[in-house]
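Architecture and fold: a report
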Amino acid sequence: MSDLPQTMFAVLQTGDGYSGRFDGPAIEDAADYLEGAEVPVPTPGPGQVLIKVRVSSVNPSDLHFIKGEYGQPRLKGNPAGFEGCGDVVAAGEGAEGMMGQRVSFVVAQGCSGAWADYATTMAMNCIPLRPDVSDEDGAAQIVNPLTAMAMVDMARQAGESFIVSAATSQLGKLMISLGRDLGLKPIAIVRREEAVTALKEMGAAEVLVSTDPNMSEAFKTISRELKPRVFLDCVSDQMSEQIFAAMPNGARWVTYGKLTEELPKLTQMGQFIFMGKKIEGFWLTNWMRNTPPADQIRVVGEVQARFADGRWKTDVSTRLALRDVVSGLAEATKKTDGKVMITP
Ligand SMILES: NC(=O)c1ccc[n+]([C@@H]2O[C@H](COP(=O)([O-])OP(=O)(O)OC[C@H]3O[C@@H](n4cnc5c(N)ncnc54)[C@H](OP(=O)(O)O)[C@@H]3O)[C@@H](O)[C@H]2O)c1
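Residues numbered from 1 in each chain as written. Predicted model: local features only at pLDDT ≥ 70, side-chain atom pairs only at ≥ 80, totals over all residues. Heavy atoms only, no water.

Quick look at the pattern of salt bridges
Rules: We count a salt bridge whenever a side-chain nitrogen from Lys or Arg sits within 4 Å of a carboxyl oxygen from Asp or Glu. What counts as a helix is a DSSP run of H or I of at least four residues, what counts as a strand is a run of E of at least two, and both are numbered from the N terminus. Relative accessibility under 20% of the residue-type maximum defines a buried residue, over 50% an exposed one, and the middle range a partly exposed one, all with a 1.4 Å probe and only protein chains included.
If you walk through the whole model with that rule in mind, you get 19 salt bridges. Measuring nitrogen to oxygen at the nearest pair gives 2.7 Å for the salt bridge that ties Asp-135 to Arg-102. Of the two residues, Asp-135 sits in helix H2 (residues 135-138) while Arg-102 sits in strand E5 (residues 102-106), which places them 33 residues apart along the sequence. Judged by its relative accessible area of 23%, Asp-135 falls in the partly exposed class. A residue is classified by how much of its surface remains accessible, and Arg-102, at 16% relative accessible area, is buried.

Shown next, in the form of structure tokens:
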């Protein structure tokens, strides 16, 4: 570590632990949760690596996290940011094999976050990148793509058709095109009429607009025809409940995000008894803990191949300099047509 600087710029969490609230990922002012500061460059512990960040991304999970409403507690004074792409410049005991590699990474709990000049994480949370995968695709290579692979696989085992809400999200688009490539019939739900054509071109068999007053009736007709058994849902509001209620026997409502504040009310309890319906959650962190390493390696290889040959791409809405994150993040996240990317 001798040729590395002593200090770095980082965007630090100002909150600690959980907030006890659940307002969704929208933020009005990042200064409510973050501050920029010059801090010591972290030292990687055993099994960890130090990464010089090239690009880091902003996911809804980062926004839930800095607000204190994610599945792990905030650490006041620790850099924020879960995912990025960079070069391994130092390694702790047992991680020396990663030295010099350009990697995609997610920050392990307790390590130093990606919205900084340097980040640390466990070596096992890094994926060495093929040269033909760009830095920006590399900075969004794990959270959404692995979730897409895992959840579409889950849907495939349950039938030919599945439903995706907030289908214009980066993850939604990955799942729609993957579903099409696997010969499935994805049903996309969007909230903007303008998105319908693009989603159909991407591979959706049907696209429904949640703001359309006839949405529920239209869905019932489609549901009878395509019989989707899995609803992959990150909106999780009353419309989601209505969709679930109109799905056939054995349907599963898989909630994996909460983009809205609205809490749904269950209206059809008998369906759990008589139709074998289920509500369940999906969290990539648990998938990574529970999936055998050989299967994860196969999925990671497929993800990189899809980005390298252009079947998948990361849409970028805004590029933000690291030093402008606190002042510019709230405005940048209001654009919903792609990821915000942060560059040191
Ligand atoms: N559980 C897990 O392991 C896991 C892993 C990865 C991601 N996720 C979740 O997956 C979801 C999508 O992530 P992403 O990175 O793909 O997001 P993203 O690209 O930032 O897109 C979010 C999109 O959702 C739409 N949206 C926002 N608020 C909405 C609302 N209230 N109702 C309906 N649509 C809304 C917006 O599209 P329009 O403006 O076009 O409508 C926006 O572009 C998030 O909830 C995230 O937390 C979960």
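Focus on the layout of surface pockets
The criterion, for reference: Note on definitions: the grid is 1 Å and covers protein atoms alone; a cavity is a set of points where a 1.4 Å probe fits but cannot get out; a pocket is an open set with protein on both sides within 12 Å along at least five of seven lines; lining residues have an atom within 4 Å of a point. Grid points are joined across faces, edges and corners, and a volume is the space filled by probe spheres set on the points. Here the term charged refers only to Asp, Glu, Lys and Arg, the term nonpolar to Ala, Val, Leu, Ile, Met, Phe, Trp, Tyr, Cys and Pro, and the term polar to all other amino acids, Gly among them.
Roughly 450 Å³ of internal volume is contained in the second largest pocket. Every residue lining the second largest pocket is counted, 20 residues in all, and those nearest its centre are Met-149, Ala-150, Asp-153, Trp-287 and Val-299. Going through the elements one at a time, helix H3 (143-156), helix H4 (170-181), helix H9 (284-290) and helix H10 (293-308) are the ones with two or more residues in the lining of the second largest pocket. A per-class count over the lining of the second largest pocket returns 9 nonpolar, 4 polar and 7 charged.

Points about a nonpolar patch on the surface
This is how it is decided: Patch members must show over 30% relative accessible area and no salt bridge, and they are joined within 9 Å when carrying like charges or within 5 Å when they are nonpolar side chains of Val, Leu, Ile, Met, Phe, Trp or Tyr. Using a 1.4 Å probe, accessible areas were evaluated by the Shrake-Rupley method; residue-level cover was limited to the displayed protein chains.
A surface patch of nonpolar side chains, amounting to about 260 Å² of accessible area, comprises Leu-266, Met-269 and Ile-279. Relative to the assigned elements, Ile-279 resides in strand E13 (residues 278-281).

Notes on the site of the ligand
What counts, and what does not: Only heavy atoms are used to decide nearness, and a residue is near a molecule or strand if one of them lies within 4 Å of it. In protein, a polar contact means a hydrogen-donor-capable atom and an acceptor-capable atom, both N or O and within 3.5 Å, with residues adjacent in sequence counting only if both atoms are side-chain atoms; elsewhere, any N or O pair within 3.5 Å suffices. What marks off one domain from the next here is an automatic or database domain assignment.
Around the ligand, a shell composed of 23 residues is seen, among which Thr-168, Arg-191, Arg-192, Leu-284 and Lys-339 lie nearest. Within the contact set of the ligand, an oxygen atom lies 2.7 Å away from a side-chain nitrogen or oxygen of Arg-192. For the ligand, the accessible surface in isolation is 930 Å², of which the surrounding protein chains cover 86%. Taken together, the elements giving at least two residues each to the shell around the ligand come down to H3 and H4. By residue number, the principal contributor to the shell around the ligand is H3, which donates 3 residues. Classifying every residue of the shell around the ligand gives 11 nonpolar, 9 polar and 3 charged. Residue assignment places the shell around the ligand across two domains, with domain 1 (7-140 + 314-343) and domain 2 (143-285) each supplying three or more.

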